[in-house]
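One letter stands for each residue in the lines below.
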Amino acid sequence: MAGDRVSNLASLEKRARKVHEVTLELLRKTHKLVCSEDAREREKLIKDLEDGVALLDVLKRDVTGALLAYAVRYQPLGNDFRRVHALLDVLYDMFRIGRYCREIALTDKYVSRLSDESLKDLRELMELSIRAYEKAYEAFFEGCMRCVDVVKEIDEKVDKLYVDFLKEVGSMRIVDSKIVAKTLALRHIERIVDHSVSIAVAIS
């Protein structure tokens, strides 16, 4: 019984890592979207993001259900209980990150093209969000304590950039569609990094 409990939890962690891979790919495709000026490539990226989020939803539901079934069957205590609870939280965070990638794609599609040269600073911010997410993964799944600090540092930087930009927008008399798009994209990136922090600290 104990052996089954341990091996089944390890199997569930492995499935959660697969969810991570899908989320990371969504982030990378979102980064490509804010860099690409090729219309055909951009159209494909937006479709890939829509499809990827749909897949992520299925995977999240599947692994969440399996974790809940595990909890009912084994009624874990102590470290196992905390791990199951943390995995459920992390699955939600990974799903929300994927959803914010989709929101960025919708902003690009319906508000203004985010790869416009005037919005090029979004590229660096997407790179930061990917780094935050990768380090959050290392923190939670690999026990990298230093990675927690890296994620928090990125979070502070992105928060400041977001608030500073909001202040700048507040001083504008006229706000065009590019500024609206940048505001929305920055908000989604800020949320991606926030969820990365939640993943990173889920081990504590």
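What counts as what
- Residues numbered from 1 in each chain as written.
- Predicted model: local features only at pLDDT ≥ 70, side-chain atom pairs only at ≥ 80, totals over all residues.
- Heavy atoms only, no water.
- Helix = DSSP H or I, 4+ residues; strand = E, 2+ residues; numbered from the N terminus.
- Expected span 1.5 Å × (residues − 1).
- Polar contact = N/O pair within 3.5 Å; in protein donor to acceptor, adjacent residues only side chain to side chain.
- Contact = heavy atoms within 4.5 Å.
- Salt bridge = Lys/Arg side-chain N within 4 Å of Asp/Glu carboxyl O.
- Buried < 20%, exposed > 50% of the residue type's maximum accessible area, 1.4 Å probe, protein only.
- Disulfide = S-S within 2.5 Å.
- Axes fitted to C-alpha atoms, helices over the stretch in contact; angles between N-to-C directions.
- Parallel < 35°, antiparallel > 145°, perpendicular 65-115°, else oblique.
- Left-handed = near helix turned anticlockwise from the far one by under 90°.
- Nonpolar A, V, L, I, M, F, W, Y, C, P; charged D, E, K, R; others polar.
- Core = buried A, V, L, I, M, F, W, Y, C linked by side-chain atoms within 4.5 Å.

S.K.: Please explain helix H6 (residues 177–201) as it appears in this structure.
M.R.: Residues three or four positions apart in an α-helix share a direction because the helix packs 3.6 residues into each turn. For H6, which comprises 25 residues, the first-to-last C-alpha distance of 36 Å matches the rise-based estimate of 36 Å (1.5 Å per residue) to within 8%. Where H6 begins, one side-chain oxygen reaches toward the backbone nitrogen of Lys178, 3.1 Å away; that side chain belongs to Asp176.

S.K.: Even after reading the chapter, I still don't get the side chain of Thr23, so can you show me in this structure?
M.R.: Within the secondary structure layout, Thr23 lies in helix H1 (residues 2–35). Setting aside residues no more than four positions away along its own chain, Thr23 makes contact with Leu56, Met94, Ile97, Gly98 and Tyr133.

S.K.: Which parts of the structure should I look at to understand the pattern of salt bridges?
M.R.: Scanning the entire structure with this criterion turns up 22 salt bridges. Between Asp48 and Lys44 there is a salt bridge, with its nearest N and O atoms 2.8 Å apart. Here Lys44 and Asp48 lie together in helix H2 (residues 39–74), a separation of four residues that amounts to about one turn. Residue Arg187 is joined to Glu190 by a salt bridge in which the shortest nitrogen-to-oxygen separation is 2.6 Å. Pair noted here: Arg187 and Glu190 are both in helix H6, with a separation of three residues, about one helical turn. When its relative accessible area of 7% is taken as the criterion, Glu190 is described as buried. One network of salt bridges, with partners in common, ties together Lys29, Lys44 and Asp48.

S.K.: Whenever I open this one, the state of the cysteines confuses me. Can you help?
M.R.: What is meant by a disulfide is a covalent connection between two cysteines, made through their sulfur atoms. In the structure shown here, the tally under the stated rule is one disulfide. Here Cys144 engages in a disulfide with Cys147; their sulfurs sit 2.2 Å apart. The sign of the 80 degrees torsion about the S-S bond sets the Cys144-Cys147 disulfide as right-handed. Cys144 gets classed as partly exposed once you look at its relative accessible area, which sits at 22%. The cysteine Cys35 is free of any disulfide, with Cys101 supplying the nearest cysteine sulfur at 13 Å. Exposure remark for Cys101: the relative accessible area of 0% places this residue in the buried category.

S.K.: I'm lost on the environment of Leu33 in this one. Help?
M.R.: Looking at the element boundaries, Leu33 is found in helix H1. Between the alpha carbons of Leu33 and Cys101 there is a distance of 10 Å; along the sequence they are 68 residues apart. Look past the residues within four positions of Leu33 in its chain and what remains in contact with it is Arg42, Leu45, Ile46, Leu49, Ala105, Asp108 and Ser115.

S.K.: I'm lost on the environment of Val19 in this one. Help?
M.R.: Positionally, Val19 belongs in helix H1. Val19 gets classed as buried once you look at its relative accessible area, which sits at 1%. In this structure the C-alpha to C-alpha distance between Val19 and Leu56, which are 37 residues apart in sequence, comes to 6.7 Å.

S.K.: Would you take a moment to explain the packing of helix H3 (residues 78–110) against helix H4 (residues 121–142) for this structure?
M.R.: When two helices pack together, their arrangement is given by the angle between the helix axes and the distance between those axes. Running from N to C, H3 and H4 cross one another at 165 degrees; their axes reach a closest spacing of 12 Å. By the criterion of interaxial angle, the relationship of H3 to H4 is roughly antiparallel. Between H3 and H4 the crossing geometry is left-handed. For the pair formed by H3 and H4, the contact residues are Arg83, Ala86, Leu87, Val90, Met94, Ile97 and Ile104 on the first element and Met126, Tyr133, Phe140 and Phe141 on the second. Partitioning the contact of H3 with H4 into residue classes produces ten nonpolar, no polar and one charged.

S.K.: Where do I start with the nonpolar core in this structure?
M.R.: Side chains of a nonpolar character, in soluble globular proteins, are inclined to be buried together. The biggest cluster of nonpolar side chains holds 65 residues, and the ones touching the most others in it are Leu27, Leu114, Leu122 and Ile199. Breaking this core down by element, the ones donating at least two residues are H1, H2, H3, H4, helix H5 (145–170) and H6.

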